[in-house]
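# Chain and residue survey
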Amino acid sequence: MKLSAHIPARQKKYPRIDSEVIVIATKDDEIAAVSKKAMAVASKKLRLIVHLAGSLPSTVLPASSGVARLTLHPIQTFPVPSGHLFRGIYWMASSSSREAIRWANEFTKNLGGNGIIILKSEDLPLYHAMTVLGSNFITLLFSGIERIASELGQPPKRLKAALRPLAKESLENAIAKPAGSVLSGPIARKDSATIRKHQKALKALDPRILAIYNAFLEYGVTLGTPKR
């Protein structure tokens, strides 16, 4: 597979696209418009058009006779542009076309991926919410940790380094085993006295962080068995 052209989505006039595959990589709310512009200048060689938004079905792309449509979403975060971030990851693929799914499997393998997870279009919003829980929510939780570290008069970077073994072990345990079976701390112990101390301290610091804590508490008390 060879990249024949890279066209910025905001470019006013697109050049002729003489390729069998077009990949649309732009903001979710711009995909329909950008793909329509791309299709308008595509040659008769075009056989597949792809977008990379995990919550949108392939049908957001223009329909054209002989051209398959595909949603292909990398299950990865990209804080910086780097090809190595594609290696060893899974992708989600959604399409009514078998040919598109076969292309997705070959394409992701060529990038060093572990494989594709095929989903129905109606399942994509829930799937994408899951990826946000697994990525953005973790990032936001550490934003709260930075806030607490500053309140404690400690450099956030140093306290995040101190928490790294705990966070890493917890994440690896939750991935390897049923999450409820490895829940620990006062939530698993149902230690209400300690939990109340946490709530009081967080309320004084930032009610928004307290709201996150209480939401996790409400969900967590139904999971797991008593732990240390």
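A few points on the structure. (Residues numbered from 1 in each chain as written. Predicted model: local features only at pLDDT ≥ 70, side-chain atom pairs only at ≥ 80, totals over all residues. Heavy atoms only, no water.)

### Examining the pattern of salt bridges
Working definition: two side chains of opposite charge can pair if their charged atoms are close together. Applying the stated criterion across every chain, the model contains 6 salt bridges. Lys-160 is the partner of Glu-146 in a salt bridge, and the nearest nitrogen-oxygen pair spans 2.7 Å. Taken together, the residues Glu-146 in helix H4 (residues 136–151) and Lys-160 in helix H5 (residues 156–176) connect sequence positions 14 residues apart. Judged by relative accessible area, which is 30%, Glu-146 ranks as partly exposed. Across the salt bridge formed by Asp-191 and Arg-189, the nearest N and O atoms sit 3.6 Å from each other. On the basis of relative accessible area, Asp-191 is assigned to the partly exposed category, the value being 23%. (Salt bridge = Lys/Arg side-chain N within 4 Å of Asp/Glu carboxyl O. Helix = DSSP H or I, 4+ residues; strand = E, 2+ residues; numbered from the N terminus. Buried < 20%, exposed > 50% of the residue type's maximum accessible area, 1.4 Å probe, protein only.)

### What to know about the pairing of strand S3 (residues 68–74)
Across the 7 residues that make up S3, a large majority, 6, are buried. Strand direction decides the pairing type here: strand S2 (residues 48–51) and S3, joined by 4 bridges, are parallel. If you follow His-51 over to S3, its bridge partner there is Thr-71. For S3 and strand S4 (residues 90–94), the ladder comprises 4 bridges, and the chain directions are antiparallel. Bridge assignment links His-73 to a residue of S4, and that residue is Met-92. (Pairing = 2+ DSSP bridges.)

Note that all results are geometric; they support no functional claim without further evidence.
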